[in-house]
Amino acid sequence: METPLSNSGNPPVKTAHRAPLALSGLDFKLLKVFKAVVEAGGFSAAQNELNVGLAAISKQISDLEIRIGMRLCTRGREGFHLTEEGRLVYQASIDLFASVDNFRDRLSSAQNELIGDLGVGVIDNTISDDNSPLVAALRKINEHSPKVRFQLQATQLDEVERGVVEGRLVAGIVPVYQKREEFDYYPLYEERSQAYCAVGHPLFDMPAEQMGGNVLQDYECINHRYAIHRDKLNFARYDSFSASATQVEAVALLIKTGRFVGFLPQHYAATLVAAGQFRAVCPELIHFDTPFNLILRHNTVRSPLVKAFAQALGVDLKATA
């Protein structure tokens with residue numbers, strides 16, 4: 001809940017004929033604060049990111065509103081919301097700082113030195129996948145270009161895609177269920193998923209020789225709302241998906257009840273299987289592979305830093321996307 005510390009009085013009034021804003025160092029600072037507040041989802045949530053108190057953040061946003069003559073957001077008991085002008089300024093600030101980063105990248109390229117921020121979005125619960133080249137790529141970038149600052153965000157697929165589209169992230173590493181025209185796609189690796197049950201489920205103690213490729217037909221399954229897995233219908237009935245989940249960990253929790261069968265990445269489930277809590281159901285027959293790709297925003301200039309990151313991942317950006 002936001003506290004209306006500096007929202008007293010009338011909002012900034014737009015002037016009919018206002019001279020174009022000549023950006024100063026202060027304006028850059030205030031715009032960075034505003035951008036951080038928007039991306040955090042409010043004043044309170046931005047405190048850790050900015051390392052300043054709520055009162056200071058509120059004053060800086062008010063100062064920015066006064067300087068540009070627009071009300072950018074509402075904040076108070078009803079929460080934080082951008083105005084139409086606020087959305088415009090936010091998008092313009094993304095473009096502004098991207099241009100600054102591009103300028104810095106071009107200078108560093110001329111000096112044969114990479115500097116700047118590398119904002120990358122990845123899907124959560126992939127740390128245990130040894131097939132992913134991300135850790136090795138980040139290590140390589142850090143070894144050869146120690147001035148590069150990593151900004152890594154682990155979240156859901158739609159959040160990674162939104163971050164790349166809006167320019168908050170320069171790249172994403174995501175599973176590909178269906179391609180979108182906003183992105184260029186570059187293959188990285190594949191993630192294998194298998195069907196799992198837990199202690200207490202009838203399939204947990206069933207002898208392997210009694211199982212077949214259609215063994216899931218008689219049991220309740222979990223629908224993964226975050227993924228379009230048409231392959232699942234090769235193994236289970238459409239009407240058997242009686243529970244749903246929006247994240248990998250949520251699927252695992254439902255499986256753990258002993259009431260449902262669900263598909264999980266093999267690398268994620270490995271520790272649960274080793275602990276004797278989960279069992280893979282007929283893994284030699286019931287499985288599918290999901291491609292993971294590097295995604296970049298379509299029709300954008302690839303900075304030297306992005307090119308170096310792609311190269312560290314083993315990706316050829318000149319290849320067909």
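As shown above, the structure is provided for reference.
Each chain carries its own residue numbering, running from 1 in the written order of its sequence. Two thresholds apply to this predicted model, a pLDDT of at least 70 for residue-level local features and 80 or more for giving and counting side-chain atom pairs, whereas whole-chain, interface and lining totals are computed over all residues. Computation of side-chain values covers all heavy atoms of the structure but excludes hydrogens and water.

Caption draft 1: Seen up close, the overall build of the chain. Here a helix means four or more residues in a row that DSSP labels H or I, a strand means two or more in a row labelled E, and each is numbered from the N terminus. If you tally the helices and strands in the chain, you get nine helices and eleven strands. Exposed residues in this analysis have more than 50% of their type's maximum accessible area, buried residues have under 20%, and partly exposed residues fall in between, with area computed by a 1.4 Å probe over protein chains only. Relative to its 321 residues, the chain shows a buried fraction of 44%. Residues count as neighbours in contact if any of their non-hydrogen atoms are within 4.5 Å of one another. A separation of at least 24 residues holds for 70% of the contacts in the chain among residues at least 6 apart in sequence.

Caption draft 2: Representation of the packing of helix α1 (residues 25–40) against helix α3 (residues 54–68) in the model. To get an axis, a line is fitted to the C-alpha atoms, and for a helix only the part in contact is used. The angle between two axes follows their N-to-C directions and goes from 0 to 180 degrees. Orientation of α1 relative to α3, taken along the N-to-C sense of each, is 120°, at an axis distance of 9 Å. Judged by the inter-axis angle, α1 sits oblique to α3. For the element pair α1 and α3, the recorded crossing hand is left-handed. The residues of α3 that touch α1, namely those facing L26, D27, K29, L30, L31, V33, F34 and V37, are I57, Q60, I61, D63, L64 and R67. Should an angle fall under 35 degrees it is called roughly parallel, over 145 degrees roughly antiparallel, and 65 to 115 degrees roughly perpendicular, with every other angle called oblique. Throughout, a crossing is termed right-handed when the near helix is turned clockwise from the far one, and left-handed when it is turned anticlockwise from it by less than a right angle.

Caption draft 3: Layout of the packing of aromatic side chains. Paired rings are identified among Phe, Tyr and Trp, the last through its six-membered ring, by centres lying within 6.5 Å, and are further divided according to the angle between planes into stacked (under 30 degrees), edge-to-face (over 60) and tilted (the rest). Inspection of the entire model under this criterion finds five aromatic pairs. Considering the side-chain rings of F183 and Y185, the 6.2 Å spacing of their centres and the 85° angle between planes classify their relative orientation as edge-to-face. We note that F183, like Y185, is buried. Ring geometry for F263 versus F288: centroids 5.1 Å apart, planes at 40°, classification tilted. Of this pair, F263 sits in strand β9 (residues 262–265) while F288 sits in strand β11 (residues 287–297); the two residues are 25 residues apart in sequence, bridging distant segments of the chain. For the pair formed by F263 and F288, the shared burial category is buried.

Caption draft 4: Expanded view of the packing of helix α5 (residues 134–144) against helix α9 (residues 304–312). Between α5 and α9, whose axes approach to 8 Å, the crossing angle comes to 130°. With respect to their mutual orientation, α5 and α9 come out oblique. Here the hand of the crossing between α5 and α9 comes out right-handed. Across from L134, A137, L138, K140 and I141 in α5, the residues of α9 making contact are A308, F309 and A312.

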